[in-house]
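# Structure assessment
Residue strings, one per chain:
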Amino acid sequence: MDDIILISTLNDFIFCPVSIYFHGLYGYSDILTYQSKSQLNGTKAHETVDHGNYSTRKEILTGIDVYSEKYRIIGKIDVYDSRKRMLIERKKHVNKIYDGYVFQLYGQYYSMVEMGYTVDFLKIHSIDDNKNYNIALPENDLEMKHKFENLICTMRTFDMNGFVQDNAQKCSNCIYEDACDRSASRGD
Ligand code: SF4
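Here we summarise the structure given alongside this text. (Residues numbered from 1 in each chain as written. Predicted model: local features only at pLDDT ≥ 70, side-chain atom pairs only at ≥ 80, totals over all residues. Heavy atoms only, no water.)

## A few points about the site of the ligand
- Near the ligand the following residues occur: Phe15, Cys16, Val18, Ser19, Gln165, Cys171, Cys174, Glu177, Cys180, Arg182 and Ser183.
- If you map the ligand onto the pockets, it falls in the largest cavity.
- Its residues placed into classes, the shell around the ligand shows six nonpolar, three polar and two charged. (Near = heavy atom within 4 Å. 1 Å grid on protein atoms, 1.4 Å probe; cavity = no way out; pocket = protein on both sides within 12 Å on 5 of 7 lines; lining within 4 Å. Sits in = over half its atoms within 2 Å of the grid points. Nonpolar A, V, L, I, M, F, W, Y, C, P; charged D, E, K, R; others polar.)

Printed below as a string of structure tokens:
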């Protein structure tokens, strides 16, 4: 795996390391064919941000590229409110705060701080039901901070060749299942 890690792949890796390969393969060239309806909705949730339409207020920054030299991770933030010093990740629908969601925010957070921004608050916003979930800064949740750092180390040393997915439920819910020869829900 390349040395620089995309922040967006932190969540994918937790779901299944193989999905990162498919994400890169299909993610840009054929997005309509391979994304499920719910994932497309999630993409739409980010569309206004990616195209910079979210707000014209100057205290709101959207979709800016960020990089952390310390962790060698790169990505884009969703929304940063400089007046509130708050980093916000909007998702189409959140029914549970998965670790991967938190780690994506951590990646953005560390990058923003290294780039000189002040970030005091982290938030995940669920668009469908307009719910907000406050996330502690990693310095205030050391267990999650260690998990984040372990995840980055694991991703850097990961060997795809030896990987076997043994969670059939993940595979049966995976949009790449038809194309994937490691699917645990596929019979021999
Ligand atoms: S089908 Fe299974 S092994 Fe393949 S990418 Fe999806 S979750 Fe991973």
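Okay, back to it.
## Looking at helix α5 (residues 99–114)
- Taking 1.5 Å of rise per residue, 16 residues should cover 22 Å, and α5 covers 22 Å from first to last C-alpha, within 8% of that figure.
- Burial analysis of α5 places 13 of its 16 residues in the buried class, the great majority of the element.
- Directly beyond the C-terminal end of α5, a positive phi value near 105° is found at Gly116. (Helix = DSSP H or I, 4+ residues; strand = E, 2+ residues; numbered from the N terminus. Expected span 1.5 Å × (residues − 1). Buried < 20%, exposed > 50% of the residue type's maximum accessible area, 1.4 Å probe, protein only.)

## Structural notes on the sheet that holds strand β7 (residues 121–126)
- The strand order β2-β5-β6-β7-β8 describes an open sheet built from five strands, whose pairing is mixed. For this open sheet the edge positions go to β2 (60–62) and β8 (131–135), each flanked by a neighbour on one side alone. Averaged over all pairs of adjacent strands, the angle between their axes in this sheet comes to 25°, without regard to strand direction.
- Note that strand β6 (residues 86–91) and β7 share six bridges and pair parallel. Paired with Leu87 across the bridge in β7 is Leu122.
- Relative to β6, α5 is tilted by about 145°, and along the sheet it contacts β5 (79–81), β6, β7 and β8. (Pairing = 2+ DSSP bridges. Axes fitted to C-alpha atoms, helices over the stretch in contact; angles between N-to-C directions. Contact = heavy atoms within 4.5 Å.)

This is a description of form; function is not addressed.
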